[in-house]
Amino acid sequence: MSKQYVFWRTQKGEPYKINNGKYAPSALLEQLGKSQIDNSIENGFSWHLFDLPNFEFIVCSMMVILDPDGNELNETDTKFIGQKAIRSIREKQDNRSKIDPNKLIQTANKEAAKYFRNSINEYILITSLSVNELPLRLINVNNCQISEIKKSDKFNYPESLRDSFNESLLRNHLTSTNYLRVKVKTSGRSIFEASEKALESLSFLRGLWTLFGTINKKTKRFSSKKEEPIGVISIGPVHTLHHPDGSSATDLFWYEPGYLRDAPIFKPSNGWEGIKKEQQIAIRKLKKHPFGSIVERLIMRYAEALDQSNLDQAFLQMWSILENITDTIGANYDKTIERAVWLYKDRNVAKEKLEFLRFRRNQYVHSAKTSLEGDVVAYLMKHFIDSHLRRLIFNEMKVSSIAEYGNFLSLSTSIASLERSRQKINYALRLRKSN
């Protein structure tokens, strides 16, 4: 039996591993099957050939492809594999036939197997960080090696980037930035896999540095500009991929669309030593963590949320992270708030703060009304995220999943009630052991 790599995505974004087509986009697949020749008006709408790329993109986005190690494949290669499978089926079957969801998964699985048989090549991604130095000469993160670029290193920009030098933002950054230029040794079966792995390793590292460098610290903004992110460590606006010899691996380059200007250089007030130690411990802990990859993804999302220059967007992304952490996606926000404040000594104060944040969320989502004090709202949201992220990393509660962490946060806050529960559990254990 061949290994299964391709699955439909659940509403929570997870791979659905039961082969019954439950989360398949059946209506879209029916239209994809017809769209070669069917340009007639149906129920007031006309489906044309130019709709095909949009349909294909949506269908491919609803697929999850897991690599042999169980990690999700990047969006670009997933799209390529999905498109090949869709077009292969459409070429072979009757033009008016619906594309069968299970057949598409099987065909995409064969394409994915071909992709995973490709050789893994080494690359180097070049970018920059808004830090004064790296805490270590060489940092190993998720099979990537991050280090400072030496004066002797020679990396040629691709022609497409050199042609873009007339664009002032890029030119100003590349010619006069104070950011630290860094290189990330990475690898992949494609340039997209290699670049995503490198950028994710940097997001993960920036998330750890930000968490350990700012947790429980009051942060002041020294600028009145509302569009500036609240994150303290930014990534440069442009990234290029190279072969190990320094030559360009592709004429493509990656660009941060939200970049407006260079951020201040981050210099820890007490030096890097404390952050470095916590970073090293956290990386070791997460390697043995029962759901370490999920926690790492949350840390990446945390770093990327803090990158947002639109502070309302940053706040919404962090609220989404809080829903993930408390395992309340799709639940009512009363449950999210009750679980999020469980950790706090003064839960009433914490609850009222989160009720305020819920009001701000609803105000923005339902009325498109932005906050006058967007930085205050974003910092307050960050405070709640920080408390939970640190506990998840070090797994002080000894849980084995996000769901179990959420259940832990659902326990009573009454000491008397917890004592009664412990007595019952101890009795149950003695009873079972005596059988």
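Preceding this paragraph is the structure being described.
In this text, all values refer to a predicted model and were calculated from it rather than measured experimentally.

Undergrad: Even after reading the chapter, I still don't get the nonpolar core, so can you show me in this structure?
TA: Side chains of a nonpolar character, in soluble globular proteins, are inclined to be buried together. Within the largest apolar cluster, 80 residues are counted, with the highest numbers of intra-cluster contacts made by Trp209, Leu354, Leu357 and Ile393. No other element matches the 12 residues that helix H7 (residues 191–214) contributes to this core. Ignoring any residue separated from it by four or fewer positions in sequence, one finds isoleucine 393 in contact with Leu208, Leu211, Phe212, Ala282, Lys285, Leu286, His289, Val295 and Ile299. Core analysis: the next-biggest nonpolar cluster, separate from the first, contains 25 residues, Leu32, Ile81, Ile86 and Phe116 among them.

Undergrad: Please clarify how the packing of helix H10 (residues 311–325) against helix H11 (residues 333–340) should be interpreted in this entry.
TA: Two numbers describe a pair of packed helices, the interaxial angle and the distance between the axes. Between H10 and H11, the least distance of the axes is 10 Å, while the angle of their chain directions is 75°. Here H11 runs roughly perpendicular to H10, going by the angle between their axes. Residues Trp319, Leu322 and Glu323 of H10 form the contact with H11, whose own contacting residues are Tyr333, Thr336 and Ala340. When the residues that make up the contact of H10 with H11 are grouped by side-chain class, the tally is 4 nonpolar, 1 polar and 1 charged.

Undergrad: Is there a simple way to explain the packing of H7 against helix H13 (residues 374–394) in this structure?
TA: Here H7 crosses H13 at 110°, and the two axes come no closer than 11 Å. Considering the angle they form, H7 stands roughly perpendicular to H13. Once H7 is placed against H13, the crossing between them reads as left-handed. Between H7, through Leu208, Thr210, Leu211, Phe212 and Thr214, and H13, the contact on the second element is made entirely by Lys382, Asp386, Leu389, Arg390, Ile393 and Phe394.

Undergrad: Sorry if this is basic, but what is going on with the side chain of glutamate 296 here?
TA: By the element assignment, glutamate 296 lies in helix H9 (residues 292–306). One buried charged residue, glutamate 296, remains without a salt bridge, the closest side chain of opposite sign being arginine 297 at 7.8 Å.

Undergrad: Could you clarify how one ought to interpret unusual backbone geometry in this entry?
TA: Where the residue is not glycine, phi is negative for most of them; where a peptide bond is considered, it is trans in most cases. Located in the positive-phi region is asparagine 143, a residue other than glycine, with phi close to 65°. With respect to the helices and strands, the residue asparagine 143 is situated in the loop between strand E7 (138–141) and strand E8 (144–148). Here aspartate 327, not a glycine, exhibits a phi torsion of approximately 55°, which is positive. With respect to the element layout, aspartate 327 can be found in the loop between H10 and H11.

Undergrad: Explain the sheet that holds strand E5 (residues 63–65) here, please?
TA: Paired through backbone hydrogen bonds, the strands of a sheet run either parallel or antiparallel to each other. The strand order across the open sheet built from 3 strands is E2-E1-E5, with neighbouring strands paired in antiparallel fashion. For this open sheet the edge positions go to strand E2 (15–16) and E5, each flanked by a neighbour on one side alone. Relative to E5, strand E1 (residues 6–9) runs antiparallel, the two being bridged by 3 bridges. Opposite tryptophan 8, over in E5, you have methionine 63 as the bridge partner.

Undergrad: Looking at this structure, I do not really get the sheet that holds E7. What am I missing?
TA: Strand order in the open sheet made by the 6 strands is E7-E8-E9-E6-E10-E11, with antiparallel pairing throughout. Each edge of the open sheet is held by one strand with a lone partner, namely E7 and strand E11 (254–255). The pairing of strand E6 (residues 121–129) with strand E9 (residues 180–188) spans 9 bridges and is classified as antiparallel. Residue pairing for E9: serine 128 is matched across the bridge by arginine 181. The sheet contacts of H7 involve E6, E7, E8, E9, strand E10 (238–242) and E11, and relative to E9 the element is tilted by about 130°.

Rules used throughout
- Residues numbered from 1 in each chain as written.
- Predicted model: local features only at pLDDT ≥ 70, side-chain atom pairs only at ≥ 80, totals over all residues.
- Heavy atoms only, no water.
- Core = buried A, V, L, I, M, F, W, Y, C linked by side-chain atoms within 4.5 Å.
- Buried < 20%, exposed > 50% of the residue type's maximum accessible area, 1.4 Å probe, protein only.
- Helix = DSSP H or I, 4+ residues; strand = E, 2+ residues; numbered from the N terminus.
- Contact = heavy atoms within 4.5 Å.
- Axes fitted to C-alpha atoms, helices over the stretch in contact; angles between N-to-C directions.
- Parallel < 35°, antiparallel > 145°, perpendicular 65-115°, else oblique.
- Nonpolar A, V, L, I, M, F, W, Y, C, P; charged D, E, K, R; others polar.
- Left-handed = near helix turned anticlockwise from the far one by under 90°.
- Lys, Arg positive; Asp, Glu negative; His and termini not counted.
- Salt bridge = Lys/Arg side-chain N within 4 Å of Asp/Glu carboxyl O.
- Pairing = 2+ DSSP bridges.

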